[in-house]
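Breakdown of the fold
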Amino acid sequence: MKPKQTFAAHYDAIVVGARCAGASTAMLLARQGARVLVVDWAEPGSDTMSTHALMRGAVMQLNRWGVLDTIVAAGTPAIRTTTFQYGDSVVPLAIKPSHGVDALYAPRRTVLDRALIDAARQAGADVRFGVSFKDVIRDPQGRVVGALLGPIDSKVQEVRADIIIGADGRRSSVARRVDARTQCQARNSIACVFAYFDGIRDTGTRWLYGAGTGAGKIPTNDGQHCIFAAMSQERFQTDIRVGQVADPLQAVLDEIDPAFGAQVALGQRRSNAQTFAGHKGYIRKSWGPGWALVGDAAYFKDPLTAHGITDALRDAEGLANAVSAGTYQALETYQRNRDGLSHDLFEISDEIAGMQWSFSELQALHMKLNAALSAEQDWIIDNYDVTALAA
């Protein structure tokens with residue numbers, strides 16, 4: 001007989017969602033002495049759609065937290081070169097050592113999310129998979145004081161906590177239940193198709209751009225590469241949904257760079273093509289009495305700039321610090337910092353997703369993006385304790 005699941009009478013925090021944003025937040029709270037419950041409906045270690053790429057800020061944090069070694073030990077390749085290709089113009093760049101980081105990484109989510117949730121569990125968090133969030137519980141004044149979780153032993157149970165943290169993605173049930181308003185809405189969204197390949201030479205990441213299209217090559221675990229092609233919503237509807245093109249991924253690669261398309265065609269495709277139909281970015285109000293949001297539940301921008309995981313880790317630390325401080329002012333500061341760090345990244349990503357640029361305009365946008373990323377890295381160094389959060 002399956003043992004009955006029981007919960008503590010009260011938790012300092014319940015985190016809904018055990019992927020990179022939720023697992024990081026739970027780990028950091030538990031390391032600071034909080035009693036944390038983490039729930040997720042998915043199976044542990046399951047895969048999910050992802051850009052994979054960790055920007056320098058994310059690698060800095062994983063290294064400080066003592067999690068990077070686990071990711072490297074799982075066979076995640078070091079990335080020391082990235083190449084931008086604008087039509088026929090090829091711009092190779094070396095990843096220079098900075099802020100204690102001499103390489104970037106792009107782990108599969110089966111590796112990254114598992115490493116983070118294992119670290120949360122080791123820190124003392126109570127982690128439960130196969131458990132769904134149903135609703136918040138409010139006191140007579142309207143403050144959130146717990147969550148309805150289930151099915152647990154075929155029942156929905158009330159579990160009390162000082163704060164409920166929604167880390168449950170773009171379609172966040174927590175955000176919906178607390179009526180988190182949208183503060184900012186993007187105008188544009190790309191669509192994309194991607195698959196995993198063997199037999200592609202590892203020369204670091206490569207980002208290619210054509211007329212109204214984009215593509216990429218991202219080295220990840222098991223010697224594989226994630227190969228993707230990005231396009232407008234209109235092209236996605238005809239090429240993929242209507243089925244006018246037999247292999248939309250290969251078609252975009254051949255269109256942007258026939259030589260690169262030929263290289264991919266010689267590789268061995270190890271997964272079915274997966275699609276992202278597009279979703280316009282947003283920034284949501286991310287805290288209220290007894291609740292907070294983090295990761296894609298709080299803030300999402302177009303994936304073509306591949307910064308989503310870095311956002312999630314950055315904001316997880318900010319939220320964990322705010323929750324530990326235990327004041328509304330700290331939560332307000334968390335959101336204000338998040339909004340300030342995200343504004344330029346959000347606007348630049350939205351403009352790139354519009355697919356209306358010339359190559360020279362796109363290069364200028366990438367220069368602005370790089371400046372925003374550098375400012376973010378400096379902010380992390382200046383504002384997050386570089387010694388306190390290792391396991």
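Residues numbered from 1 in each chain as written. Predicted model: local features only at pLDDT ≥ 70, side-chain atom pairs only at ≥ 80, totals over all residues. Heavy atoms only, no water.

Focus on the packing of aromatic side chains
All chains considered together, the criterion is met by 9 aromatic pairs. Seen from their ring centres, Tyr86 and Tyr209 are 5.8 Å apart, and the 15 degrees between their planes marks the pair as stacked. Of the two residues, Tyr86 is situated in strand S3 (residues 81–86) and Tyr209 in strand S11 (residues 205–210); the sequence distance between them amounts to 123 residues. Pair check on accessibility: Tyr86 and Tyr209 agree, each one buried. (Phe/Tyr/Trp six-rings, centres within 6.5 Å; stacked < 30°, edge-to-face > 60°. Helix = DSSP H or I, 4+ residues; strand = E, 2+ residues; numbered from the N terminus. Buried < 20%, exposed > 50% of the residue type's maximum accessible area, 1.4 Å probe, protein only.)

Some points on the environment of Ile240
Its place among the elements puts Ile240 in helix H6 (residues 233–241). Along the backbone, Ile240 and Glu351 are 111 residues apart, and their C-alpha atoms lie at a distance of 24 Å. Non-local contacts of Ile240, meaning those with residues more than four positions away in its chain, are made with Val193, Met231, Arg235, Pro248 and Thr275. (Contact = heavy atoms within 4.5 Å.)

What about the nonpolar core?
Among the nonpolar cores identified, the biggest contains 116 residues, and Ile14, Val38, Leu62, Val67, Leu116 and Ile165 are the most heavily contacted of them. For this core, the element with the most residues is helix H10 (residues 328–353), which contributes 9 residues. Residues Ala191, Ala229, Leu253 and Phe260 belong to the second largest nonpolar core, which totals 17 residues. (Core = buried A, V, L, I, M, F, W, Y, C linked by side-chain atoms within 4.5 Å.)

Section: the environment of Ile165
Along the chain, Ile165 falls in strand S8 (residues 155–166). Using a relative accessible area of 0% as the deciding quantity, one classes Ile165 as buried. With 132 residues separating them in the primary sequence, Ile165 and Ala297 have C-alpha atoms 9.6 Å apart. Filtering out sequence-adjacent residues up to four positions away, Ile165 remains in contact with Ala13, Ile14, Val15, Val16, Thr25, Leu29, Ala292, Val294, Leu319 and Val323.

Structural notes on the sheet that holds strand S9 (residues 182–185)
Spatially, S9-S16-S19 is the arrangement adopted by the 3 strands of the open sheet, whose pairing is antiparallel. A single partner strand is all that each edge strand has here, and the edge strands are S9 and strand S19 (299–300). When strand S16 (residues 282–284) meets S19, the two strands line up antiparallel, connected through 2 bridges. Across the sheet, the residue bridging to Tyr282 is Phe300, located in S19. Against the sheet, H10 engages S9, S16 and S19, with an angle of about 175 degrees to S16. (Pairing = 2+ DSSP bridges. Axes fitted to C-alpha atoms, helices over the stretch in contact; angles between N-to-C directions.)

So, the pattern of salt bridges
Applying the stated rule across the entire model yields 21 salt bridges. Here Glu317 ties to Arg64 by a salt bridge, and the two come within 2.8 Å at their closest N and O atoms. Residue Glu317 is located in helix H9 (residues 308–325), and its partner Arg64 is located in helix H2 (residues 56–65); the two are separated by 253 residues in the primary sequence. Look at Glu317 and you get buried, because its relative accessible area is 1%. (Salt bridge = Lys/Arg side-chain N within 4 Å of Asp/Glu carboxyl O.)

Some points on the side chain of Gln85
Along the chain, Gln85 turns up in strand S3. The class for Gln85 is buried, based on a relative accessible area of 3%. At 2.8 Å, the side chain of Gln85 and the side chain of Asp257 are in polar contact. When residues no more than four places from it in sequence are discounted, the contact partners of Gln85 are Val90, Arg206, Trp207, Leu208, Tyr209 and Asp257. (Polar contact = N/O pair within 3.5 Å; in protein donor to acceptor, adjacent residues only side chain to side chain.)

Digging into helix H11 (residues 359–383)
The terminal C-alpha atoms of H11 lie 36 Å apart, and with 25 residues this matches the ideal 36 Å at 1.5 Å per residue to within 8%. Among the residues making up H11, those that are buried are Leu362, Leu365, His366, Leu369, Ala372, Leu373, Glu376, Gln377, Trp379 and Ile380. In this structure, the buried side of H11 is in contact with H2, S3, S11, H9 and H10. (Expected span 1.5 Å × (residues − 1).)

Brief notes about the packing of H9 against H10
Relative to each other, H9 and H10 sit at 165 degrees, their axes nearing to 8 Å. The orientation of H9 with respect to H10, classified from their angle, is roughly antiparallel. Remark: the crossing between H9 and H10 carries right-handed chirality. Here H9 contributes Asp311, Arg314, Asp315, Gly318, Leu319, Ala322, Val323 and Ala325 to the contact with H10, which in turn contributes Ala330, Leu331, Tyr334, Arg338, Leu341, Ser342 and Leu345. (Parallel < 35°, antiparallel > 145°, perpendicular 65-115°, else oblique. Left-handed = near helix turned anticlockwise from the far one by under 90°.)

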